[in-house]
Amino acid sequence: MNAAPGPEDAGFFRRWRPKRWRLSLVTRWSALVATLLALGIGIALTLDHLLPGQPLLVLGACLLCVVPLSVITLRAQVQPVLSLFRALEGTVTSYRDGDFSFGLHWPQNDELSDLVAAHNALGEVLREQRLGLVQRELLLDTMVQNTPVAMLLVADTAGGARTIVYANLAARQLLAHGSKLEGHALQAVLETAAPALVEALARGGDGLFSAGEGEDEEVYHLARRDFSLNGRRHELLLLRQLTAELRRQEVQTWKKVIRVISHELNNSLAPLASLAHSGAELVRRGQTERLPQILETIGERTRHLETFILGYARFAKLPTPRLERCAWDAFVARLAAQVSFRLDGELPPEPALIDVAQMEQALLNLLKNAHESGSRAEDVVLRIRRVQNLVRIDVLDRGSGMNDAVLTNALVPFYSTKRSGTGLGLALAREIAEAHGGRITLNNREGGGLAVTLILPA
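This write-up is about the structure you can find in this document. This one's a predicted model, so the numbers in the text were calculated from it and none came from an experiment.

**Quick word on the sheet that holds strand S10 (residues 390–396)**
Strand order across the open sheet formed by five strands is S7-S9-S10-S12-S11, with mixed pairing between neighbours. Only two strands of the sheet have a single partner each, and these edge strands are strand S7 (342–343) and strand S11 (439–444). Where S7 meets strand S9 (residues 381–387), two bridges bridge the pair, whose relative direction is parallel. Residue pairing across strands places leucine 343 opposite leucine 382, the latter belonging to S9. Seen against the sheet, helix H10 (residues 328–336) touches S7, S9 and S10 and runs at an angle of roughly 160° to S9.

Here it is, written out as structure tokens:
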């Protein structure tokens, strides 16, 4: 008895399985035409035999029999093809509308069956791609909606208006107490927003700004990117709250300050104690010739320690500004005598109402930072302008600018990227600006460099 075929023989049987019999459209139509032609000839011969000598009558009778039969036969053959074409048109329309759930069936095994199979395969591919795209869009929307960064997508519309086309949950909470923002004009939404945000948007570029006062003060970082979508200009606005992060950074900074002060005190007090002991021992022995040198060294270390402590004390105990009127040209001349810069534009004609010493110290720190940024001396610019009821002071350079991490922490006290820096320059300038009722902002400039802006009440 022969063994039954095992699983390893399955491929053999599949390879030798007879294919479905296939009849092409050309063969079918050729057979139909030949059949009709043979039928016409047969009818003509029969009528010629029955009606000899009357060819016209035979031709007319033949046409009367063959033509209706041909029309009926051709209609029966063409009708399914026309129905298939109409179905193809319908499914293509559905594909264009994004509906890929339709498929076609063709009972014949001919060229049209290949077309239907290819059409159905295309629909399956499009359906799978659409499903994958929907899943990715759902994932992206979930991530965007739940990110703590407020995101606004603004599009330019006809007439120069700017309309919000997308806003995530954080943006709605920040700007509209959770209400929908899509479709609203950006200008109308900003009417109820914090003035600091409005000013940051009007200033342009990325940067930090503060909203609120006292314990309710919140620090934000604004980032903006332009791109073209569907032939229209769009702008993506990203608002990130940095208050908690900055507070954590301040705690770390204060720990660093304590370590720095402790290290400096130890470095100064240990030699002082040693020198004092040496001096006392020399006096006891009556060897006083080295006492002047020891006392001079003690004085030098004491002065260094005093300078170090006063620098920190000046920042920690900044006195209340003593405001006085000062002409801007005289104030700028005092600055120019101490550090080089290029003055851009005309100075305000109204005198400044500032604490001259404090403001001079703040701007000297900013101008020295500009020179130390890698900028050429001729590219360090000072600009002072009157903007409505405010005075805007810009210190500009063409140095290396700041990356996001440095820009975020630059105003934190004792934060410095310099090896020998104290981290007090920008922080002291910020304290002085805020003591005058103003504020300070940092922004990277287009083309490189940094713009530090002091905004003071006029």
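What follows continues from the structure just given.
**Description of the packing of aromatic side chains**
The tally for this structure, following the rule as stated, stands at one aromatic pair. Look at tryptophan 328 and phenylalanine 331: their rings are 5.9 Å apart centre to centre, the planes differ by 85°, and that puts the pair in the edge-to-face class. Placement of both tryptophan 328 and phenylalanine 331 in helix H10 is noted, with a separation of three residues, approximately one turn of the helix.

**A closer look at unusual backbone geometry**
Non-glycine residue histidine 177 carries a positive phi angle of around 55°. Mapped onto the elements, histidine 177 comes out in the loop between helix H5 (169–176) and helix H6 (186–190). Histidine 177 gets classed as exposed once you look at its relative accessible area, which sits at 76%. Phi at asparagine 230 takes a positive value of approximately 55°, unusual for a residue other than glycine. The topology assignment puts asparagine 230 in the loop between strand S4 (218–229) and strand S5 (232–241).

**Some words on the packing of H10 against helix H11 (residues 356–371)**
Contact geometry for H10 and H11: axes closest at 11 Å, N-to-C directions at 50°. Relative to H11, H10 is oriented oblique. Considering only the axes of H10 and H11, their crossing is right-handed. Taking contact as the criterion, the partners of Phe331, Arg334 and Leu335 in H10 are, on H11, Val356, Met359, Glu360, Leu363 and Leu364.

**Notes on the sheet that holds strand S2 (residues 162–167)**
Spatially, S2-S1-S5-S4-S3 is the arrangement adopted by the five strands of the open sheet, whose pairing is antiparallel. Looking along the sheet, the strands with just one partner apiece sit at the ends: S2 and strand S3 (207–211). Going across the sheet, the axis of each strand differs from the next one's by a mean of 30°, ignoring polarity. Strand direction decides the pairing type here: S4 and S5, joined by ten bridges, are antiparallel. What sits directly across from arginine 224, in S5, is leucine 237. Contacts between H5 and the sheet are confined to strand S1 (150–156), S2, S4 and S5, with S1 contributing the most and set at about 85° to the helix. Lying over the sheet, helix H7 (residues 195–203) contacts S3, S4 and S5, oriented at roughly 160° with respect to S3.

**Brief notes about a nonpolar patch on the surface**
Where nonpolar side chains cluster on the molecular surface, the patch consists of Leu82, Phe85 and Leu115 and spans about 250 Å² of accessible area. When you line up the elements, phenylalanine 85 lands in helix H3 (residues 55–96).

**Some points on the pairing of S1**
In terms of burial, S1 is largely enclosed, as six of its seven residues are buried. Here six bridges tie S1 to S5, and the two strands are oriented antiparallel to one another. Counted as the bridge partner of valine 154 is glutamate 235 from S5. Between the antiparallel neighbours S1 and S2 lie five residues, among them glycine 159 with a positive phi of about 85°.

**Quick notes on the pattern of salt bridges**
Tallied over the full model, the rule gives 19 salt bridges. Taking the shortest distance from any N to any O, the salt bridge between arginine 386 and glutamate 350 comes out at 3.7 Å. Remark: glutamate 350 occurs in the loop between S7 and strand S8 (352–354) and arginine 386 occurs in strand S9; sequence separation between them is 36 residues. What makes glutamate 350 partly exposed here is its relative accessible area of 36%. Among the ionic contacts, a cluster of salt bridges with common partners joins Asp156, Arg162, Arg224, Asp226, Arg233 and Glu235.

**Quick notes on the packing of H11 against helix H13 (residues 425–435)**
Remark: H11 packs on H13, axes separated minimally by 9 Å, with the N-to-C direction vectors making an angle of 145°. As H11 runs across H13, the sense of the crossing is left-handed. Counting all contacts with H11, which are made through Gln358, Met359, Gln361, Ala362, Asn365, Leu366 and Asn369, the residues of H13 involved are Gly425, Leu426, Leu428, Ala429 and Ile432. Of the residues contributing to the contact of H11 with H13, the split by class is seven nonpolar, five polar and no charged.

**Observations concerning H7**
Among all positions in H7, only Ala196, Leu197, Ala200, Leu201 and Arg203 are buried. Take H7 and look down its axis: the buried residues cluster within an arc of 160°, on one side only. In this structure, H7 carries Pro195 and Ala202 as exposed residues pointing more than 90 degrees from its buried face. With its phi angle positive at about 85°, glycine 204 sits one or two positions after the end of H7.

**A closer look at the side chain of aspartate 397**
Mapped onto the secondary structure, aspartate 397 falls in the loop between S10 and helix H12 (404–409). As a buried residue without a salt bridge, aspartate 397 has its nearest oppositely charged side chain in arginine 445, at a separation of 6.0 Å. At a separation of 3.1 Å, a polar atom in the side chain of aspartate 397 contacts the main-chain amide nitrogen of leucine 450. Beyond its immediate sequence surroundings of up to four residues, aspartate 397 is in contact with Ala370, Ser373, Ser375, Asp379, Arg445, Gly448, Gly449 and Leu450.

**Thoughts on the nonpolar core**
Counting 35 residues, the largest nonpolar core has Phe331, Leu363, Leu366, Ile393 and Leu454 as the members making the most contacts within it. The set of elements that each furnish at least two residues to this core consists of H10, S8, H11, S9, S10, H13, S11 and strand S12 (450–457). Setting aside chain neighbours within four positions, we find leucine 363 in contact with Phe331, Leu335, Ile393, Val395 and Leu454. Core analysis: the second largest hydrophobic core is formed by 24 residues, Leu201, Phe209, Ala211 and Tyr220 among them.

Scoring rules and cut-offs
Residues numbered from 1 in each chain as written. Predicted model: local features only at pLDDT ≥ 70, side-chain atom pairs only at ≥ 80, totals over all residues. Heavy atoms only, no water. Pairing = 2+ DSSP bridges. Helix = DSSP H or I, 4+ residues; strand = E, 2+ residues; numbered from the N terminus. Contact = heavy atoms within 4.5 Å. Axes fitted to C-alpha atoms, helices over the stretch in contact; angles between N-to-C directions. Phe/Tyr/Trp six-rings, centres within 6.5 Å; stacked < 30°, edge-to-face > 60°. Buried < 20%, exposed > 50% of the residue type's maximum accessible area, 1.4 Å probe, protein only. Parallel < 35°, antiparallel > 145°, perpendicular 65-115°, else oblique. Left-handed = near helix turned anticlockwise from the far one by under 90°. Patch = residues over 30% accessible without salt bridge, like charges linked within 9 Å, V, L, I, M, F, W, Y side chains within 5 Å. Areas by Shrake-Rupley, 256 points an atom, 1.4 Å probe, with all protein chains shown as cover. Salt bridge = Lys/Arg side-chain N within 4 Å of Asp/Glu carboxyl O. Nonpolar A, V, L, I, M, F, W, Y, C, P; charged D, E, K, R; others polar. Arc of directions from axis to C-beta. Lys, Arg positive; Asp, Glu negative; His and termini not counted. Polar contact = N/O pair within 3.5 Å; in protein donor to acceptor, adjacent residues only side chain to side chain. Core = buried A, V, L, I, M, F, W, Y, C linked by side-chain atoms within 4.5 Å.

This is a description of form; function is not addressed.
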